[in-house]
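Now for the letters of each chain:
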Amino acid sequence: MFGYIIRRVLLMIPTLIVISIISFVIIQLPPGDYLTSYAAQLSAQGDTIDAQGLKALEERYGLGQPIHVQYFKWVSGIILRGDWGQSMEWQKPVKDLIWERLALTILLSSVAILVSWFIAIPVGVYSATHQYSIPDYVLSVISFVGVGTPGFLLALIVMYLAMSQLNQSVGGLFSSEFLLAPWSLAKVVDMLKHLWIPVLIIALESTAGSIRTTRANLLDELNKPYVETARAKGLEEGKLIWKYPVRVALNPFFSTVGWSLASLISGQTLIAVVLSLQTTGPMMLRALMSQDMYLAGSFLLLLSSLTVIGTLVSDIILAWVDPRIRLRG
Amino acid sequence: MENNHLLLEVKNLKTHFFLDEGTVRALDGVDFVIKRGQTLGVVGESGCGKSVTARSILRIVPQPGRIVDGEIMLYLPAQSNHSTLTNVVNLTRLNPRGTQIRSIRGCRIALVPQEPMTSLSPVHTLGNQIVEAIVLHQEVSQAEAREKAIYMLDLVGMPQPSRTIDRYPHELSGGMRQRGMIAMALSCHPSLLIADEPTTALDVTTEAQILKLMQRLQQELGMAIMFITHNLGVVARMTEHVIVMYMGKVVEEADVDTIFHNPKHPYTQALLKSIPRLGQRTRERRRLESISGSVPDPYSIPKGCSFHPRCSQRIVGLCDQEEPPNIEIGPGHKTRCVLYR
Ligand SMILES: Nc1ncnc2c1ncn2[C@@H]1O[C@H](COP(=O)(O)OP(=O)(O)O)[C@@H](O)[C@H]1O
Ligand SMILES: [Mg+2]
């Protein structure tokens, strides 16, 4: 297992190099050069940048030099100095912008995933073990409606209800007084108060699908001979269902944990925009639209790296929960 | 027959499956008995209801199946000192999820299934699954149960039992898995072992080994075995008494010699003709399937004798009208056929 992980990590390196080249090419695609646009942006805001400042930027990122030099400066900046470049739009280093948002996003998404499983797995198990009963039909209808309801629509409905019924605004992760405040205990408490609505909305968006998956996978397993073996042993029905077929039916969930790493960044963008959450999705969307090249490039790079890492994590988790998968390949 | 030798008595058992397409009368009045320590062979073409019989006894008939009629009496030695007393339980009366049937399953009556490849959970070790069966029915600690499991694996001839116990099923061959299943089934010393085609999925060499093992274990442990198979060669080798099933009914029952040398029911006779004889040249070998026609549609069991559409000795106007009675032709030899009335 250990050797397998090492080998997979080594194999990831060339993949990541290719990914970084592609990300860099993409951010170079917009016409015009970065410095000119940067200066134009500044002067549009009534600011000017002195020749010295421009010179420093030019030096730091190798601007105006051949493209491969720029690429190496960019990549080595990230690897050696943790310098992801400068955001044109925010007038700040990218590294000061993304990490807090990334942390919030990961928190939000992982809590949402757990909440979603916590609802979906028992409901799916109940549906499958009571197939064709009235509760199964009711749950099926609800989850079909759920699968067909986009998350942003749900967010809009919740916002509308909160506004019209409770006279309360539900957008954002913080109250306005904490939005720009530095981190403190009060800010954390304030965030937790706001967190549950986006968590529920994001969770519910995937819950319906997870119920369907659990139900379908479990139905496949329930008639397998090993379940009959367990029953013929004299095990209690509820115990044996959870120990054997449910355990096998949940494997696909474990294997998608890794992939959801990448969707953490880009996923739920629509919900986040609607609810104005300070997560990565909306920021990335805006960076792409406003051609904020270092910021967009950083997101692209993070996104693709997390996809690669997530796939590895998935494979490792799957091998860990399913002994049939041999880690030799 | 002395009553205290009786272990299991199945009377007029009817198990039906209620499907949207209609009712499948999988068992349509099955009668037989198993005595203590006896090996009963259950033979018949696939689909005749052998597995449903086994599941009915264990009360694990899957939905939408249900026992609609009949009795399954299990005679257990009494717990008290009066050893002549027996405890009788009618298994059809028990709640299939209740504690009473669960204390019988895997403890008094154990099952060795047909498919060793898929009958063990792929994500649990062999040991985990055997230990579970042991702690369920015996008052032992986990460590003792593990010792016992290793002992059982050794008993069934598993190579390196103390290492194999921690293996996952996919790491074991079909024969080893079936040995594991037998070890699990025997771990509580059942009075009855139901072996549902235990060697059908195995190659010939492994089959011979498993059959030999089961014979040895029966001599050592003395449990009764209900040996389900469609292979008459296996019946000849393994069993003392045989019931022949056709479309949910027992059409003939006799001791194994009588079945082979003096079969009465046309179905039994046809079944015997269909086995290739040992020593027969391939060239001379008769067609394996010498019974004309195939099993009728299970939704519409023919009127009269259910075998009459395929029977070469049928009497028109009788066999297609009247349900044949169960006729005793000799000691312990019964058949359901009007020819012997
Ligand atoms: N789960 C089920 N649902 C519907 N019909 C079934 C089911 N299990 C068995 N049957 C029916 O019962 C009959 C007997 O099956 P079975 O006992 O498995 O045959 P075999 O003698 O090959 O073991 C078959 O006709 C089959 O169609
Ligand atoms: Mg069968």
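Refer to the structure printed above.
A few points on the structure. These figures come from a predicted structure and were not determined experimentally.

Let's shift gears to the sheet that holds strand 6 (residues 109-112) of chain B. All names here are of chain B. Pairing in this open sheet of eight strands is mixed, and the strands run 6-7-8-3-9-10-12-11 from one edge to the other. On the outer flanks of this sheet lie strand 6 and strand 11 (326-330), each paired with one strand and no other. Taken pair by pair, the neighbouring strands of this sheet meet at an average axis angle of 20°, ignoring direction. Sheet contacts for helix 6 (residues 174-186): strand 6 and strand 7 (192-196); angle to strand 6, the most-contacted strand, approximately 175°. Packing against the sheet, helix 7 (residues 204-221) makes contact with strand 3 (39-43), strand 7 and strand 8 (224-228), and its axis sits at approximately 160° to strand 8.

Okay, the pairing of strand 9 (residues 241-246) of chain B next. All names here are of chain B. Counting buried positions along strand 9 gives six out of six residues, so the element sits mostly inside the fold. For strand 3 and strand 9, the ladder comprises four bridges, and the chain directions are parallel. Each residue of the ladder has a partner; that of V43, found in strand 9, is V244. Where strand 9 meets strand 10 (residues 249-255), six bridges bridge the pair, whose relative direction is antiparallel. Paired with Y246 across the two strands is K249, which belongs to strand 10.

Let us look at the pairing of strand 6 of chain B. Residues and elements named next belong to chain B. The alternating pattern of strand 6 places I109 and L111 and A110 and V112 on opposite faces, both of which are buried. Two elements, strand 6 and strand 7, share four bridges in a ladder whose sense is parallel. By the bridge assignment for strand 7, I109 is matched with L192.

With that settled, the discussion passes to the packing of aromatic side chains. Scanning the entire structure with this criterion turns up eleven aromatic pairs over all chains. Plain terms: the ring middles of Y246 of chain B and F307 of chain B are 5.1 Å apart, the flat faces sit at 80° to each other, and that makes the pair edge-to-face. Of this pair, Y246 of chain B sits in strand 9 while F307 of chain B sits in the loop between helix 10 (266-273) and strand 11, and the two are 61 residues apart along the sequence. Per residue, the accessibility class of Y246 of chain B equals that of F307 of chain B, and both read buried. When the ring centre of W183 of chain A is taken as reference, the NZ or CZ atom of K187 of chain A above it lies at 4.7 Å.

So, on to the pattern of salt bridges. For side chains bearing opposite charge, pairing can occur when the charged atoms are close. Residues and elements named next belong to chain A. Under the defined criterion, the tally for this structure stands at 21 salt bridges over all chains. Note that R215 and D136 form a salt bridge whose closest N and O atoms lie 2.9 Å from each other. In this pair, R215 sits in helix 8 (residues 185-222) while D136 sits in helix 6 (residues 134-148), placing the two residues 79 residues apart along the sequence. For R215, a relative accessible area of 11% puts it in the buried group. Given the relative accessible area of 1%, D136 is considered buried.

Residue and element names in this part refer to chain B. At the junction of Q63 and P64, the peptide bond is cis and its omega measures out at -5° in the coordinates. Its location among the elements puts P64 in the loop between helix 1 (50-58) and strand 4 (65-77). The residue E197 is not glycine, and still its phi comes out positive at about 45°. Structurally, the position occupied by E197 is in the loop between strand 7 and helix 7. For E197, a relative accessible area of 5% translates into the label buried.

On to the nonpolar core. All names here are of chain B. The biggest cluster of nonpolar side chains holds 40 residues, and the ones touching the most others in it are F32, L91 and I194. The element contributing the most residues to this core is strand 2 (residues 22-35), with six residues. Counting residues in each nonpolar core, the second largest holds 37 residues, with I165, L186, L202 and M214 among its members.

Another point: the state of the cysteines. Residue and element names in this part refer to chain B. Tallied over the entire structure, the rule returns zero disulfides over all chains. Counting only cysteine sulfurs, C305 is the nearest neighbor of C48, a cysteine outside any disulfide, at a range of 14 Å. Assessed through its relative accessible area of 4%, C48 is described here as buried. Here C337 stays free of any disulfide, with the sulfur of C319 as its closest cysteine sulfur at 6.3 Å.

What follows concerns helix 7 of chain B. Residues and elements named next belong to chain B. In a regular helix each residue adds 1.5 Å, so 18 residues correspond to 26 Å; helix 7 covers 25 Å between its end C-alpha atoms and thus fits that length. Among the structural elements, strand 3, helix 4 (142-155), helix 6, strand 7, strand 8 and helix 8 (232-238) are those in contact with the buried residues of helix 7. Among the residues of helix 7, the N-terminal cap falls to D203, whose side-chain oxygen and the backbone nitrogen of T205 are separated by 3.2 Å.

Let's shift gears to the site of ligand 1. Residues and elements named next belong to chain B. The environment of ligand 1 is made up of 13 residues, and the closest members are G47, G49, K50, S51 and V52. One nitrogen or oxygen atom from the main chain of C48 is found 3.3 Å from an oxygen atom belonging to ligand 1. If ligand 1 stood free it would expose 560 Å²; the protein chains cover 72% of that surface. Elements that contribute at least two residues to the shell around ligand 1 include exactly strand 1 (6-19), strand 2 and helix 1. A total of three residues in the shell around ligand 1 trace back to one element, the largest contributor, which is helix 1.

Here we take up the packing of helix 3 (residues 126-137) of chain B against helix 6 of chain B. Residues and elements named next belong to chain B. For the pair helix 3 and helix 6, the least separation of the axes is 8 Å and the interaxial angle reads 20°. Between helix 3 and helix 6, the interaxial angle falls into the category roughly parallel. For helix 3 against helix 6, the interelement crossing comes out right-handed. On the side of helix 3, the interface is formed by L126, Q129, I130 and A133, while helix 6 contributes G180, A183 and M184. Among the residues making up the contact of helix 3 with helix 6, the classes are represented as five nonpolar, two polar and no charged.

Scoring rules and cut-offs
- Residues numbered from 1 in each chain as written.
- Chains lettered and ligands numbered in written order.
- Predicted model: local features only at pLDDT ≥ 70, side-chain atom pairs only at ≥ 80, totals over all residues.
- Heavy atoms only, no water.
- Pairing = 2+ DSSP bridges.
- Helix = DSSP H or I, 4+ residues; strand = E, 2+ residues; numbered from the N terminus.
- Axes fitted to C-alpha atoms, helices over the stretch in contact; angles between N-to-C directions.
- Contact = heavy atoms within 4.5 Å.
- Buried < 20%, exposed > 50% of the residue type's maximum accessible area, 1.4 Å probe, protein only.
- Phe/Tyr/Trp six-rings, centres within 6.5 Å; stacked < 30°, edge-to-face > 60°.
- Lys NZ or Arg CZ within 6 Å of the ring centre and 35° of its normal.
- Salt bridge = Lys/Arg side-chain N within 4 Å of Asp/Glu carboxyl O.
- Core = buried A, V, L, I, M, F, W, Y, C linked by side-chain atoms within 4.5 Å.
- Disulfide = S-S within 2.5 Å.
- Expected span 1.5 Å × (residues − 1).
- Polar contact = N/O pair within 3.5 Å; in protein donor to acceptor, adjacent residues only side chain to side chain.
- Near = heavy atom within 4 Å.
- Areas by Shrake-Rupley, 256 points an atom, 1.4 Å probe, with all protein chains shown as cover.
- Parallel < 35°, antiparallel > 145°, perpendicular 65-115°, else oblique.
- Left-handed = near helix turned anticlockwise from the far one by under 90°.
- Nonpolar A, V, L, I, M, F, W, Y, C, P; charged D, E, K, R; others polar.

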